[in-house]
Amino acid sequence: MPLKIAMIGAGSVGFTRRLMTDLLAVPEFAATHFALMDISERNLGMVTQLCQRDIAANDLPATLQPTLDQREAIADADYVICMIRQGGLDAFQLDIDIPLRYGIDQCVGDTICAGGIMYGQRTIPALLGICRDIRQAAKPGALFLNYANPMAMNTWACNQYGGVRTIGLCHGVQHGHQQIADCIQLWAREQGHIGAEETVSRDDVDIICAGINHQTWYISVRWRGMDMLPRLLELFEAHPVYREEEKVRIDVLRRFGYYSTESNGHLSEYLPWYRKRLDEIGDWISLNRWIHGETGGYLRVCSESRNWFETDFPTWLEAAPPQISPARRSLEHGSYIIEGLETGRRYRGHFNVPNRGHIRNLPDGCVVEIPGYADANGINMPVVGELPLAPAATCSASVRVQQMAMEAAVHGDVTLLKQAMLHDPLVGAVCNPEEVWQLTDEMLVAQAQWLPNYDPSEIAAAQQRLEQHEATGTRVTLRETRGAARLQTRSVEELRAAG
């Protein structure tokens, strides 16, 4: 029987088609049945049209079932893939704009920091609902593959409270791996280890990464039998592009001795050192791409992409459909995991799973990102051992924030939510305790429509506290700022003119 794969949040502009074509590039999966579910009928309809065209153009027997009913999509599914953005771009805007008034300047705001913590409050209840439907309606043992952020909090909640084995997937390891290969290639040519036209690919460089999602560390890097870790700082400082775009990552490498998987903009907001003074943020970022540190950069890009997709959809339909083939598969882990489990062909990647002694100096039960193998024997995660102390310290601080935020979302606990905010590295570096308390109240009130896990009386109490502070003159001083490095969201006309 062909596989049934449910995709929840299938109105996603990019992920749905990418993951579907990745899976259809596997010969054994040519007849897969995809159940595409989203809460937006319009977005789902557009993505479905594109997917149907792609399947037909490649003359494949795969079938599609678009639906607005989550349980219908999950019924009898072998695998469930999640790519939701709970609250959409409206909630995302609040994740960025409200903290800015308190001096918290985020590039992405989807992992920890104020935005990531609130994103988890919205997303975890929705994921637990997906888990319920998987338990009740999917095939026994159906695997839940989660791409939704905040990755660690979400995967933690699903495994601990959802009753469904959940693997969290991200592509940060692959992208950093490519950067390391690029640096080695430049150095190897200069040193005469390879010819001027020879290349070094990711496959040539053996790595081990370990940590937590978006704070995973390359703890082993080997090329042609050589240990490249001691050379990494020298190599990155010599690279003409990365030394300008990855200043935070290189500075952390300089001080920790290990390179982080995550982009410059992402990493800068998980640490207390690089974004706490607005006048210094420019020293650490690059504005040539959003991912290098732009204020609210990911929100801007997502807004532009969605506006472009909705306005220019006929052009998308007229464009040549992709050729589906193994050579064109993306770096996303999902299709390779399913291929390994179903065909026995072994796949090695880095997955987010509950820590069961895999990293001994991080708490048991937290979600870690470590090497794993998928094949006919299942998904197996080797023991890494201990992280080096500096990466472990940084991860440990974030893990406790994730834990408090996850528990707050599961139980609708306002006090625990405020304590998570208080202990967040960047929030704590910028705000005093009373600012944190009022910030959290403001975000609860502003996002109430997406927070069914919080009792309405708790939201009303937060509103009352804000009004009382206003009336008594005890409201903390807010800042009128667009942030240190915010760019204007471009209109569809401007995007079209830019090509």
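Residues numbered from 1 in each chain as written. Predicted model: local features only at pLDDT ≥ 70, side-chain atom pairs only at ≥ 80, totals over all residues. Heavy atoms only, no water.

Asker: What is the right way to look at helix H19 (residues 433-446) in this model?
Answerer: One turn of an α-helix holds 3.6 residues; hence residues three or four places apart share an orientation. For H19, built from 14 residues, the straight-helix expectation of 20 Å at 1.5 Å per residue is met to within 8% by its first-to-last C-alpha distance of 20 Å. Turning to H19, its buried residues number three or more, namely Glu 435, Val 436, Gln 438, Leu 439, Thr 440, Asp 441, Glu 442, Met 443 and Leu 444. Packing partners of the buried residues in H19 comprise helix H4 (88-101), helix H5 (113-137), helix H17 (414-423), helix H18 (425-430) and helix H20 (456-472). The N-capping residue of H19, defined by a side-chain oxygen 3.1 Å from the backbone nitrogen of Glu 434, is Asn 432. (Helix = DSSP H or I, 4+ residues; strand = E, 2+ residues; numbered from the N terminus. Expected span 1.5 Å × (residues − 1). Buried < 20%, exposed > 50% of the residue type's maximum accessible area, 1.4 Å probe, protein only. Contact = heavy atoms within 4.5 Å. Polar contact = N/O pair within 3.5 Å; in protein donor to acceptor, adjacent residues only side chain to side chain.)

Asker: Would you explain the packing of helix H6 (residues 151-161) against helix H16 (residues 389-411) in this entry?
Answerer: How two helices pack is summed up by the angle between their axes together with the distance between the axes. Two elements in contact, H6 and H16, have axes whose closest approach is 9 Å; the angle formed by their N-to-C orientations is 55°. The angle between the axes of H6 and H16 places the two elements in the oblique class. The way H6 lies across H16 gives a crossing that is right-handed. Two secondary-structure elements touch here, H6 through Ala 152, Met 153, Trp 156, Ala 157, Gln 160 and Tyr 161 and H16 through Val 399, Gln 402, Gln 403, Ala 405, Met 406, Glu 407, Val 410 and His 411. For the contact of H6 with H16, the class distribution of residues is 9 nonpolar, 4 polar and 1 charged. (Axes fitted to C-alpha atoms, helices over the stretch in contact; angles between N-to-C directions. Parallel < 35°, antiparallel > 145°, perpendicular 65-115°, else oblique. Left-handed = near helix turned anticlockwise from the far one by under 90°. Nonpolar A, V, L, I, M, F, W, Y, C, P; charged D, E, K, R; others polar.)

Asker: Looking at this structure, how should I read the nonpolar core?
Answerer: Side chains of a nonpolar character, in soluble globular proteins, are inclined to be buried together. Counting 98 residues, the largest nonpolar core has Ile 5, Met 7, Phe 34, Ile 81, Ile 104 and Phe 351 as the members making the most contacts within it. Excluding residues that lie within four positions of it along the chain, Ile 5 makes contacts with Leu 23, Thr 32, His 33, Phe 34, Ala 35, Tyr 79, Ile 81 and Ile 338. Counting residues in each nonpolar core, the second largest holds 24 residues, with Val 173, Leu 232, Phe 236 and Tyr 242 among its members. (Core = buried A, V, L, I, M, F, W, Y, C linked by side-chain atoms within 4.5 Å.)

Asker: Sorry, what's going on with the pattern of salt bridges here?
Answerer: Any two side chains of opposite charge can pair, on the condition that their charged atoms come close. Using the criterion set out here, one finds 28 salt bridges in the structure. The shortest N-O distance in the salt bridge between Glu 28 and Arg 345 comes to 2.9 Å. Here the residue Glu 28 occupies a position in the loop between helix H1 (15-24) and strand E2 (33-37), and Arg 345 occupies one in the loop between helix H15 (334-343) and strand E10 (347-354), the gap between them amounting to 317 residues. Classification of Glu 28 as partly exposed rests on a relative accessible area of 46%. (Salt bridge = Lys/Arg side-chain N within 4 Å of Asp/Glu carboxyl O.)

Asker: Mind showing me how you'd approach H20 here?
Answerer: With 17 residues, H20 should cover 24 Å at 1.5 Å per step; its first-to-last C-alpha distance of 24 Å lies within 8% of that length. Of the positions making up H20, those classed as buried are Ile 459, Ala 462, Leu 466 and His 469. Along H20, the residues classed as buried sweep out an arc of 85° about the axis, all on the same side. Opposite the buried face of H20, by more than 90 degrees, sit the exposed residues Pro 456, Gln 464, Gln 468, Ala 471 and Thr 472. Those residues of H20 that are buried are in contact with H19. Two residues or fewer past H20, Gly 473 is found with a positive phi of approximately 75°. (Arc of directions from axis to C-beta.)

Asker: I keep staring at unusual backbone geometry and nothing clicks. Help me out?
Answerer: Among all residues except glycine, the phi angle is most often negative; among peptide bonds, the trans geometry is most common. In the segment running from Asn 149 into Pro 150, the intervening peptide bond is cis, with an omega of -5°. With respect to the helices and strands, Pro 150 occurs in the loop between strand E5 (143-146) and H6. Phi at Cys 113 takes a positive value of approximately 60°, unusual for a residue other than glycine. Its place among the elements puts Cys 113 in helix H5. Even without glycine at this site, Arg 224 takes up a positive phi of about 50°. Tracing the chain through its elements places Arg 224 in the loop between strand E8 (215-223) and strand E9 (226-227).

Asker: Explain the packing of aromatic side chains to me, please; I cannot follow it from the model alone.
Answerer: Any two aromatic rings considered together are summarised by their centre-to-centre distance and by the angle between their planes. Scanning the entire structure with this criterion turns up 15 aromatic pairs. Measuring from centroid to centroid gives 6.1 Å for Phe 236 and Tyr 242, while their planes differ by 40°, and the two rings are tilted. Each member of the pair Phe 236 and Tyr 242 is classed as buried. Here the aromatic residues Trp 217, Phe 256, Trp 273, Tyr 274 and Trp 284 are joined through ring pairs into a cluster of three or more. The ring of Phe 92 carries the charged tip of Arg 85 above its face, separated from the ring centre by 4.3 Å. Stacked on the ring of Tyr 336, the Lys or Arg Arg 329 has its end atom at 3.8 Å from the ring centre. (Phe/Tyr/Trp six-rings, centres within 6.5 Å; stacked < 30°, edge-to-face > 60°. Lys NZ or Arg CZ within 6 Å of the ring centre and 35° of its normal.)

Asker: Got a minute to help me understand the pairing of strand E3 (residues 63-67) in this structure?
Answerer: Looking along a regular strand, one sees side chains alternate from face to face of the sheet. Alignment of E2 against E3, held across 5 bridges, turns out to be parallel. Looking at the pairing, Met 37 lines up with Thr 67 of E3. Remark: the E2/helix H2 (residues 41-57)/E3 crossover connection has right-handed handedness. (Pairing = 2+ DSSP bridges. Right-handed = clockwise from strand over helix to strand, strands pointing away.)

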